[in-house]
Amino acid sequence: MKKALILGITGQDGSYLAEVLLEKGYEVHGMYRKSATGNTRNIEHLKERITLHRGDLLDATSLYRIIREVNPDELYNEADQDHVGWSNDMVDFQYNVTGAAVGRILEIVKQLNPKIKVFQPVSSNIFGRPTEEIQNEETPFRPQSPYACAKVLAYVLCRFYRETYGMFVATAIFYNHESPRRPDDYLTRKVTKAVARIKAGLQDSLELGDLSAKIDWGYAREYMEAAWNIMQQPQADDYIIATGEAHSVQEFVDEAFRLANLDPKQYVKINPKFLRNAKNTTLIGDISKAKKTFGFEPKVKFKELVKLMVEADINDIKKK
């Protein structure tokens, strides 16, 4: 039986990845930090089937202890601070937990057992304002936020350890991926949760920023399947994981409200405070490399994704 260690198992991606690996017969271990204690709702249904370890990306001693004790076949680092807005207010923390911590993990793996396979997610935000309309694995980086800069560091560290020490260190450049497990302060969840609350008469309006922004949106669980596939390849490499199509925030809003038989014009208001400091251009991923290598093909497209999220939030309100 293969053994996997997921750092950040309580989050959207970590919890879906745990499900994927359990389905494939893995022994699954997960690290969770103190501030996540009590916020384990994404893995409550898995607790009897996984082993949890206390630790933190900023604490090298806990990382060393957990990696030594578990000695996994595969290590997936799904832990970081991934909110672009927060990164502008917590710059030092952002660089440390999202960037430098990756070097910390890789160095520990190199010292303990360099045969451990490592997976590191990266973000399409590394492209920022790209020179190409559709980005591929060779597109130059032009990060536009502390979060994106930290992800560039993570990517460079992975390539360094792979090329210099011959370690299996793979990355996926993930484009936006959503689900009902997205935290409430992320755009898509903010919209779908507001739709559910407005439908139930619990909320009067929804304030948003730039509705014209176009985003390549995919389904988080499918992207975690892709992460596993990337780790099964004979050689570690870098892959773009996306849908290859972009939809505006306005389209997302319209579709979400339509599914609840509501008119968004009656409820949605623009608030300038939600506009970003540095505006990214539209990011669309070229998935041809992942498609050719392991047959990646997103099945849940835009409308299915919005429907899945709206229905989950409406059902959640009904339960409560």
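Keep in mind that this is a model prediction, so the values were computed, not measured.

The rules behind each value
- Residues numbered from 1 in each chain as written.
- Predicted model: local features only at pLDDT ≥ 70, side-chain atom pairs only at ≥ 80, totals over all residues.
- Heavy atoms only, no water.
- Helix = DSSP H or I, 4+ residues; strand = E, 2+ residues; numbered from the N terminus.
- Rg over C-alpha atoms; globule rule 2.2 N^0.38 Å.
- Buried < 20%, exposed > 50% of the residue type's maximum accessible area, 1.4 Å probe, protein only.
- Lys, Arg positive; Asp, Glu negative; His and termini not counted.
- Charge placed at Lys NZ, Arg CZ, Asp CG, Glu CD.
- Core = buried A, V, L, I, M, F, W, Y, C linked by side-chain atoms within 4.5 Å.
- Contact = heavy atoms within 4.5 Å.
- Pairing = 2+ DSSP bridges.
- Expected span 1.5 Å × (residues − 1).
- Axes fitted to C-alpha atoms, helices over the stretch in contact; angles between N-to-C directions.

A. Up close: the overall build of the protein. Each helix and strand counted, the protein has 10 helices and 13 strands in total. Its C-alpha atoms give the protein a radius of gyration of 19 Å, within 12% of the compact-globule value 20 Å for 320 residues. Principal axes of the C-alpha set define a box for the protein whose edges measure 60 × 45 × 40 Å. Per-residue burial for the protein yields a buried fraction of 53% across its 320 residues. Positive and negative side-chain charges in the protein, numbering 45 and 44 respectively, have mean positions lying 2 Å apart.

B. Summary view of the nonpolar core. By size, the foremost hydrophobic cluster in this structure holds 72 residues, and its most contacted members are Leu21, Val28, Tyr76, Ile241 and Phe257. Sort the elements by how many residues they give to this core and helix H7 (residues 220-231) lands first, with eight residues. Not counting residues within four places of it along the chain, the set of residues in contact with Phe257 comprises Val195, Ile198, Leu206, Leu262, Asp263, Pro264, Tyr267 and Val268. Ranked by size, the runner-up nonpolar core spans 25 residues in total, among them Ile66, Ala101, Ile105 and Val118.

C. Representation of the pairing of strand E6 (residues 169-174). Across the six residues of E6, six count as buried, placing the element largely inside the fold. Burial along E6 is two-sided: Val169, Thr171 and Ile173 facing one way and Ala170, Ala172 and Phe174 facing the other are all buried. Pairing geometry for strand E5 (residues 117-123) and E6, over six bridges, is parallel. Paired with Val122 across the strands is Ile173, a residue of E6.

D. Fine view of helix H1 (residues 12-23). If you check H1, its first and last C-alpha atoms are 17 Å apart, about what 12 residues at 1.5 Å a residue would give, namely 16 Å. For H1, a buried count of 11 out of 12 residues is recorded, marking the element as mostly surrounded by other parts of the structure. Turning to H1, its buried residues are Gln12, Asp13, Gly14, Ser15, Tyr16, Leu17, Ala18, Glu19, Val20, Leu21 and Leu22. Note on H1: the residue one or two positions beyond its end, Gly25, has a positive phi of about 85°.

E. Structural view of the sheet that holds strand E3 (residues 50-54). The strand order across the open sheet built from seven strands is E3-E2-E1-E4-E5-E6-E11, with neighbouring strands paired in parallel fashion. In this open sheet, the two strands that pair with only one neighbour each are E3 and strand E11 (238-241). Between one strand axis and the next, the sheet turns by 20° as a mean value, whatever way the strands run. Inspection of the sheet shows strand E1 (residues 3-7) paired to strand E4 (residues 74-77) by four bridges, in the parallel sense. Across the sheet, Ile6 pairs through a bridge with Tyr76, a residue of E4. Across the sheet, H1 is in contact with E1, strand E2 (27-32), E3 and E4; its angle to E1 comes to roughly 170°. Of the strands in this sheet, E1, E4, E5 and E6 touch helix H4 (residues 91-112), which is tilted by about 170° from E4.

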